[in-house]
Amino acid sequence: MNYDLSVIRPELRAEEVKFRGRDLTGISRRALRKALRTLHTLEIMAVNIYKSQITSRPCELNRQLTAAMCNEMTHAQDFQTKLYEYGFKPSKLRFAYWLVGYLFGLGSRIMGTKSILRTGVWVEAKAVRHYAELLDSAEWDEETKRIIEKDQTDEYGHIERWKWFLDHPEAVC
C-alpha cells in the first residue's frame, strides 16, 4: 500500500467511529484484544521516548523528533479508539510502558545525539516487526487493517529519517 508519510495526523470523521467485532467470540476476540493492547502500549512507549529526547534547542532534529512524537500520539489514539470500538479497555499495565519510554528517551538523550538516533532506529525496527506479527495474529476488518498498515508505514519512515541523520551528522543540532 502507498501512504503519504508527510501526513502526521490523518483525518478521522465522527461517522468513521463504529462498533466492530461484536459478533466475534473466543479465540478471535482474545487475539484482537491482545493485539490492540500491544499496539496501544507500544505506541505509548514511543510517544514518551520522543517526548523525553526533545530539547529546547531550535534545530532540525528537534523539529523531526516533535513531528515523530505527534505521529506516535496519533498511533496511540488510533489504537485506543479501536480498543473501545471493539468493546475492550486499554491495559491496566500501560503505565509501565509510559515509564519504559521515558527511561529509554531520557537515557538516550543523556548519552547524546547518536544515541538518540540509534535508539530511534532500534525501537522503530522493533515496532515494524511487531506490526507485521500483529497484522497476521488476528482477523482485522478492512478499515482497522488499513490503519495498522498506515501506522507501520509511518514507522518505516521514522527509521529512514533517523538513519539519514546518522549518515548526515552535520544536519544535527
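Cut-off values and rules
Residues numbered from 1 in each chain as written. Predicted model: local features only at pLDDT ≥ 70, side-chain atom pairs only at ≥ 80, totals over all residues. Heavy atoms only, no water. 1 Å grid on protein atoms, 1.4 Å probe; cavity = no way out; pocket = protein on both sides within 12 Å on 5 of 7 lines; lining within 4 Å. Points joined across faces, edges and corners; volume = space filled by probe spheres on them. Helix = DSSP H or I, 4+ residues; strand = E, 2+ residues; numbered from the N terminus. Nonpolar A, V, L, I, M, F, W, Y, C, P; charged D, E, K, R; others polar. Expected span 1.5 Å × (residues − 1). Polar contact = N/O pair within 3.5 Å; in protein donor to acceptor, adjacent residues only side chain to side chain. Axes fitted to C-alpha atoms, helices over the stretch in contact; angles between N-to-C directions. Parallel < 35°, antiparallel > 145°, perpendicular 65-115°, else oblique. Contact = heavy atoms within 4.5 Å. Phe/Tyr/Trp six-rings, centres within 6.5 Å; stacked < 30°, edge-to-face > 60°. Salt bridge = Lys/Arg side-chain N within 4 Å of Asp/Glu carboxyl O. Buried < 20%, exposed > 50% of the residue type's maximum accessible area, 1.4 Å probe, protein only. Arc of directions from axis to C-beta.

Trainee: Explain the layout of surface pockets to me, using residue names and the numbers behind them.
Mentor: Within this model, the largest pocket holds a volume of roughly 500 Å³. Surrounding the largest pocket, 18 residues form its lining, Pro-10, Glu-11, Leu-12, Asp-78 and Ile-147 being those nearest its centre. Mapped onto the lining of the largest pocket, the elements with two or more residues apiece are helix H2 (60-85) and helix H5 (142-167). Here the lining of the largest pocket takes six residues from H2, the largest share from any one element. Per-class residue counts for the lining of the largest pocket are four nonpolar, three polar and 11 charged. Taken as a whole, the second largest pocket encloses approximately 150 Å³ of empty space. Of all the elements in the fold, those that place two or more residues in the lining of the second largest pocket are H2 and H5. Counting residues per element, the lining of the second largest pocket draws most heavily on H2, at five residues.

Trainee: An account of H5 is requested, with residue identities and associated values reported.
Mentor: Helix length check: H5 (26 residues) gives 38 Å between terminal C-alpha atoms against 38 Å at 1.5 Å per residue, within 8%. At the N-terminal end of H5, a side-chain oxygen is found 3.2 Å from the backbone nitrogen of Glu-143, two or three residues along, and the residue is Asp-141.

Trainee: Please give an account of the packing of helix H1 (residues 26-53) against helix H4 (residues 113-137) that cites residues and values.
Mentor: Contact geometry for H1 and H4: axes closest at 11 Å, N-to-C directions at 170°. The angle between H1 and H4 falls in the class roughly antiparallel. Together, Ala-31, Ala-35, Thr-38, Leu-39, Leu-42, Glu-43, Ile-49, Tyr-50 and Gln-53 of H1 and Ile-116, Thr-119, Val-123, Glu-124, His-130, Tyr-131, Leu-134 and Ser-137 of H4 make up the contact between the two elements. Residues that form the contact of H1 with H4 fall into these classes: 10 nonpolar, five polar and two charged.

Trainee: Residue-level account of the packing of aromatic side chains, with values.
Mentor: The full count for this structure, using the stated rule, is seven aromatic pairs. Aromatic pair Tyr-86 and Phe-88: ring centres 6.3 Å apart, planes at 10°, arrangement stacked. By the ring-pair criterion, three or more aromatic residues cluster together here, those being Tyr-50, Trp-162, Trp-164 and Phe-165.

Trainee: Residues and numbers for the pattern of salt bridges, please.
Mentor: Enumeration over the complete set of coordinates arrives at eight salt bridges. Where Arg-63 meets Glu-60, a salt bridge forms, and the shortest distance between an N and an O atom there is 2.8 Å. With a gap of three residues between them, Arg-63 and Glu-60 both fall in helix H2, about one helical turn apart. Taking relative accessible area as the criterion, Glu-60 reaches 32% and is therefore assigned partly exposed. One network of salt bridges, with partners in common, ties together Lys-18, Arg-20, Lys-82, Glu-85, Asp-141 and Glu-143.

Trainee: So what's going on with helix H3 (residues 94-111)? Residues and values would help.
Mentor: Taking 1.5 Å of rise per residue, the 18 residues of H3 would be expected to cover 26 Å, and the 26 Å separating its terminal C-alpha atoms lies within 8% of that figure. Within H3, the full set of buried residues consists of Gly-101, Gly-105 and Ser-108. Considered in projection along H3, the buried side chains sweep an arc of 70° and stay on one side of the axis. Summarising the geometry of H3, the exposed residues directed more than 90 degrees from the buried face are Phe-95, Leu-103, Ile-110 and Met-111. Positioned one or two residues after H3, Gly-112 has a phi angle of 110°, which is positive.

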